[in-house]
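So you can see what is in the structure, the chains are spelled out below.
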Amino acid sequence: PVCTLLVASRVRLLILMATKKGWGARSATVLLLSNVFLCVDGLSVDFLKSGARPLASPEARGLLPRMVATVPTMPAQSEDGEDCPGPTFDKAISQPDPIPEEGRARAMELMESGALFRYSPGFLSETSLAEADMVDYTGFKYSVGFNSCGSALFIGLKVAGVQPGDKVLANAFSFTAVPSAIHHAVAEPVYVESTNGYTMCAEDLRAKLDAAQAEGSPIKFLMLTHMRGKVADMDTIHDLAEERGVTVVEDCAHALGIQWEGVQLGRRASVACYSTQSAKVINSGEGGFFCTDDEEMAARAYCYAGCYEQLYNQHVVSPPAAVFDRVKRQTPNYSLRMSDLAAACVRPQITNIEQRIARYNEMYERITSQIADVAEFDIPPYDERVRPVKDSLQINLQMSDEQVGAFLAATKRRGIPAGLFGSPDNARNFRCWEYALPKTDLPRTERLIKIAIDIRLPATFEPEDFDQMAAVLRAARDDVMLA
């Protein structure tokens, strides 16, 4: 009865909404079909998000049907409320990649056993196994599972020796998790300009190091980000760091599977951190791995994450016990461990990562080949020394600020809500980092993020979906330039 009532109410609401907005028949139908998610065993997530509480008492709440998460699609419409003419797209580009059946089955087994804690007595930990899988795949000696890549980055700075008040060089174009990790370590970020290819500018890095040296306070730490999997000239960056005695922690959140001259990106750093957040090439919802070849750094990272007493005996790949015994009493436990439930999702995706990378790269080439001739679309190239993972598309729009805004509106109308890195509320816009704002101007990065757009390319899409996305982008360009 509850479900029947909610379905009827939802249908009436949607019909009223469509009538008031003057939507065409196609748009009203799409909206109705994409938003009525109620069924005998499911209650739509968006109904709960509305704030409605049909059953208030704890006893009544127990009668609520199981929730079924769904990704709604929105109808493509023109500004006057009519159906949008020309190419449109009706799939959610934000949808995460699914967990393989093996991971789902293992997660169910863990939930049935209750052994979700990585140090559950008597169980071989999925997190320990995932750490061993990461070692095998990346080539590092050690890998430590964390609850997020942001946590791993913070601990990377701690084990690298960053002290309160130290300065840490970092990309001006990055995600808020990077300056947040520096802030968490009570250090001060010094931002380095970005190239138009979204990578750290080596010339500005040298200039920042020179300026600090001239002031008598040389900077000894660098957190290097590979934003959206775009890779700087790694030889130049690391050679400069070694020349100046700078310890490098690499933010490889987007870089698992990316290779520099045939080697996993991050291998030259003291610490490299990889993400398994849902928008990355491996999806566990949240999660990350701290990787290093240094046994003491690894042992300290384990202790910071939450290894205590002699729990290190449960690790599959681990520094010697003597190293743990040397550092564990000096290292606070921040309880940042990866759960075995997340690790169960991770492991089968490491196994099939190469097949998925091949598909990502094939689909990227498919869509970009169909828009490469558009004069207003500058698609940053990849360095020939890089084996990329092309799971998203970035374009630098060669348009005025007004035209950029119009283009974004046009793509949204047509069903592809592209993101602008420089939008006022984008967490990749350094102007949003009020807790750690830059102390110098960053004109090159500021210009870039005003024209740089971002579109995810889900692995679940079919080849013809990418053809349609290309058609939508071309049509949105025409909406702006031919108006």
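This text goes with the structure placed above it.
Since the model is a prediction, treat every value here as computed from it, not as a measurement.

> Looking at this model, I keep getting lost on helix H6 (residues 126-138). Mind explaining?
Side chains that are three or four residues apart share a direction in an α-helix, a result of its 3.6 residues per turn. Look at H6: 18 Å from first C-alpha to last across 13 residues, which is about the 18 Å you get at 1.5 Å a residue. Buried within H6 are the following residues: Glu 126, Thr 127, Ser 128, Leu 129, Ala 130, Glu 131, Ala 132, Asp 133, Met 134, Val 135 and Thr 138. Capping the start of H6 is the job of one residue whose side-chain oxygen sits 3.0 Å from the backbone nitrogen of Thr 127: Ser 125. Backbone geometry just after H6 places Gly 139 at a positive phi near 95 degrees.

> Explain the packing of H6 against helix H13 (residues 340-351) to me, please; I cannot follow it from the model alone.
The relative placement of two packed helices is expressed as an angle between their axes plus a distance between the axes. At a minimum axis distance of 8 Å, the contact between H6 and H13 shows a crossing angle of 30 degrees. It follows that H6 is roughly parallel to H13 by the angle criterion. Relative to H13, H6 is oriented so that their crossing is left-handed. Of the residues in H13, those touching H6 at Glu 126, Thr 127, Leu 129, Ala 130, Asp 133, Met 134 and Tyr 137 are Asp 340, Ala 343, Ala 344, Val 346, Arg 347 and Ile 350. Looking at the contact of H6 with H13 residue by residue, the class counts come to 8 nonpolar, 1 polar and 4 charged.

> What exactly am I supposed to notice about the side chain of Ser 392 here?
Tracing the chain through its elements places Ser 392 in strand E14 (residues 392-397). Side chain to side chain, Ser 392 and Gln 394 meet in a polar contact 2.8 Å long.

> Can you walk me through the side chain of Asp 133 in this structure?
Here Asp 133 is to be found in helix H6. On the accessibility criterion, Asp 133 (18% relative accessible area) is buried. The residues contacting Asp 133, other than those within four sequence positions of it, are Arg 347 and Ile 350.

> Quick question: what am I supposed to make of the environment of Asp 325 here?
Looking at the secondary structure, you find Asp 325 in helix H12 (residues 321-327). Each C-alpha atom, one on Asp 325 and one on Glu 309, is 8.6 Å from the other, the two residues being 16 residues apart in sequence. Side chain to side chain, Asp 325 and Lys 328 meet in a polar contact 3.3 Å long.

Cut-offs used in this document
- Residues numbered from 1 in each chain as written.
- Predicted model: local features only at pLDDT ≥ 70, side-chain atom pairs only at ≥ 80, totals over all residues.
- Heavy atoms only, no water.
- Helix = DSSP H or I, 4+ residues; strand = E, 2+ residues; numbered from the N terminus.
- Expected span 1.5 Å × (residues − 1).
- Buried < 20%, exposed > 50% of the residue type's maximum accessible area, 1.4 Å probe, protein only.
- Polar contact = N/O pair within 3.5 Å; in protein donor to acceptor, adjacent residues only side chain to side chain.
- Axes fitted to C-alpha atoms, helices over the stretch in contact; angles between N-to-C directions.
- Parallel < 35°, antiparallel > 145°, perpendicular 65-115°, else oblique.
- Left-handed = near helix turned anticlockwise from the far one by under 90°.
- Contact = heavy atoms within 4.5 Å.
- Nonpolar A, V, L, I, M, F, W, Y, C, P; charged D, E, K, R; others polar.

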